[in-house]
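A structural walkthrough
Listed here are the chains, written in short residue letters.
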Amino acid sequence: MSSNFLDMNDGSTQESRPRGPRLYHKKSRTGCMRCKQRRVKCDEGRPSCGSCTRHAVDCVYSNASPAPPIGARRTTSATRHDGGSSIYQATGSSPPLASSVVANTLSPPSNENRTAYSPRTPGSYPSPGSSHLTSVDDGGDADINLPESSWRRIWELRLLNNYHANMVQPFPVAQSPEIVHMWQHDISELSMRMAQQHNRCSLLHVTFANSALYLWTRSTDRREREELMKLLQWYQISCSKEQRRDIDELHQNLTENADYVCFTSIMILAHSIALVQTLVVDPWEPPVMWLHMGRGAGEVLNMARQLVNPETKPKIGLFAKGPPDMSNAAELINCDHSSLDWLLEHPAGSGSIAAQEDRELDDENVRRVYNNALSYTCSVLRAIDRGEPDFAVVRRLGGFALWVPVEFTRFIEERRPRAMVVLANFMSIWLDYSHIWMIGRAGELQIRGIYKVLPIDWSSKLDGLFARLNSRKQVGDAMVA
């Protein structure tokens, strides 16, 4: 696995499997919104119920005063779906608390007050990168269980072998020998030692999950893909549980394991960007899992780095000194973005009635979020123009989740046309890095999915990208022929 921030036949393929019986609970009519949405019993604890406390997420009751909507007048527009209109809403709620994000770096974000953009059908798994991934302790679809067995141990040996054989150096231009050695030997030894001597398995489990995802993207055997998806989800959830304990002990100023937590967070960052290529195209699944996981892991990483004792010569110092330098906010989210400002302009033209009725950018905070997203996109493009190597650019691609304000993720969840257009243009950068396994076809799949759900007038802003995709496909077909 590289220290810097996962080609499949079809990102929309969903494998089916039998499901166990659903566990039903006595309904709680006065429970919190999250428990109602998940259809589990709420203990109605205040200010936070037991379930929300256990998952470290915000607990909201329906009798709470709703947040005022963003002052933007919206109209329902036809989309390229045959099924009808594009639906998007503005909640205007404040960003989630940093502690909530940090504690759930590998857990799916809660789904209350969201447009249901990715319905799950009985008898099917969600995509590994879907925000609908169910935790085994949710009290809901708890049907993913991997007890101790020879089957599991054989798979773990294969996953470890795949990690060392295929994932330590995934870039055409190698990173420094010190970095490669660190991930091939030092970090592997650290994960094994912490698991064996201290019963800490978060780093080992995210390595298993990452390796399973690598094999899943390359397998064409249905049964093997089903097993790999089960392994992926199991170890992803297990890592989440283990890391919560690691974070709790960091809060208690137990700094001796800060280096370990740093590398676990870096692995989660890499895993989160790799999950994007697993999302389905029709219906489009926004990459919100990547955005939430990336931001959460980034906050854990920053917190843990502050607790690392420099006198112990921690390994994280070697990683931190490597390219690219992403420490200057002015160069990342406050730089010139004039070349992309046209993406925010209403497609009907500034003098049109539709443009005059569009009040979204009247809110200074909303405009700031979009400007930050455009600035970051331009900063990546400038880095590419400077000739940065692939591993540095891929790390910048993953940094979008860390540096762009969390409100942008909410705009994507609400399916705001501007946000989707901005995201599609950022995803276009990914197209030139599809040869790297953790990127794969993620950029292409996201652009195609967004193009389908955008209102027709806004989709015109992606006509150039869509033409580029079709041109690339024609060239690929010609090479195969």
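Structure: see above.
These numbers were taken from a predicted model, which means no experiment stands behind them. (Residues numbered from 1 in each chain as written. Predicted model: local features only at pLDDT ≥ 70, side-chain atom pairs only at ≥ 80, totals over all residues. Heavy atoms only, no water.)

**What about the overall build of the chain?**
A tally of regular secondary structure across the chain gives 19 helices and zero strands. Counting every position in the chain, which comprises 481 residues, the buried fraction comes to 56%. Surface exposure of the chain reaches about 21,200 Å², of which carbon and sulfur atoms provide 51%. (Helix = DSSP H or I, 4+ residues; strand = E, 2+ residues; numbered from the N terminus. Buried < 20%, exposed > 50% of the residue type's maximum accessible area, 1.4 Å probe, protein only. Areas by Shrake-Rupley, 256 points an atom, 1.4 Å probe, with all protein chains shown as cover.)

**Structural notes on helix α14 (residues 390-403)**
Between its terminal C-alpha atoms α14 stretches 20 Å, which fits the 20 Å expected from 14 residues at 1.5 Å a residue. Within α14, the axis deviates most sharply at Leu-397, by approximately 30 degrees. Of all 14 residues in α14, twelve are buried; the element is thus mostly enclosed. All buried positions along α14 are accounted for by Asp-390, Phe-391, Ala-392, Val-393, Val-394, Arg-395, Arg-396, Leu-397, Gly-398, Gly-399, Phe-400 and Ala-401. (Expected span 1.5 Å × (residues − 1). Bend = angle between axes of the 7 residues up to and from the residue.)

**A word on the packing of helix α13 (residues 364-385) against helix α16 (residues 417-430)**
Following both chains from N to C, one finds α13 and α16 inclined at 10 degrees, their axes separated by 10 Å at the closest point. Taken as axis vectors, α13 and α16 run roughly parallel relative to one another. In contact with Tyr-370, Ala-373, Leu-374, Tyr-376, Thr-377, Val-380, Leu-381 and Ile-384 of α13, α16 contributes Arg-418, Ala-419, Val-422, Phe-426 and Ile-429. By residue class, the composition of the contact of α13 with α16 is eleven nonpolar, one polar and one charged. (Axes fitted to C-alpha atoms, helices over the stretch in contact; angles between N-to-C directions. Parallel < 35°, antiparallel > 145°, perpendicular 65-115°, else oblique. Contact = heavy atoms within 4.5 Å. Nonpolar A, V, L, I, M, F, W, Y, C, P; charged D, E, K, R; others polar.)

**Some thoughts on the packing of aromatic side chains**
Under the definition given, this model contains 14 aromatic pairs. Ring geometry for Trp-290 versus Phe-400: centroids 5.9 Å apart, planes at 25 degrees, classification stacked. Here the residue Trp-290 occupies a position in helix α9 (residues 288-307), and Phe-400 occupies one in helix α14, the gap between them amounting to 110 residues. Residue classification places Trp-290 among the buried residues on the basis of a relative accessible area of 2%. The buried category is assigned to Phe-400, whose relative accessible area is 1%. Through pairs of rings, three or more aromatic residues link up here, namely Trp-290, Tyr-376, Phe-400, Phe-408, Phe-426 and Trp-430. Above the plane of the ring of Tyr-214 lies Arg-218, whose end atom (NZ or CZ) is 4.4 Å from the centre. (Phe/Tyr/Trp six-rings, centres within 6.5 Å; stacked < 30°, edge-to-face > 60°. Lys NZ or Arg CZ within 6 Å of the ring centre and 35° of its normal.)

**Observations concerning the environment of Val-168**
Along the chain, Val-168 turns up in the loop between α4 (150-167) and α5 (177-198). You can call Val-168 buried: its relative accessible area is 6%. Through-space distance from the C-alpha of Val-168 to that of Met-182 is 9.5 Å; in sequence the pair is 14 residues apart.

**Some thoughts on the pattern of salt bridges**
A complete count under the given rule lists 22 salt bridges for this structure. The partner of Glu-148 in a salt bridge is Arg-152, with the nearest N and O atoms 4.0 Å apart. Relative accessible area serves as the criterion here: at 56%, Glu-148 is assigned to the exposed category. Between Arg-193 and Glu-189 there is a salt bridge; the shortest N-O distance is 3.2 Å. Placement of both Arg-193 and Glu-189 in helix α5 is noted, with a separation of four residues, approximately one turn of the helix. Looking at Arg-193, the relative accessible area reads 30%, which means it is partly exposed. The class for Glu-189 is partly exposed, based on a relative accessible area of 42%. Among the charged side chains, a network of salt bridges with common partners joins Asp-358, Glu-360, Arg-410, Glu-414, Arg-416 and Arg-418. (Salt bridge = Lys/Arg side-chain N within 4 Å of Asp/Glu carboxyl O.)

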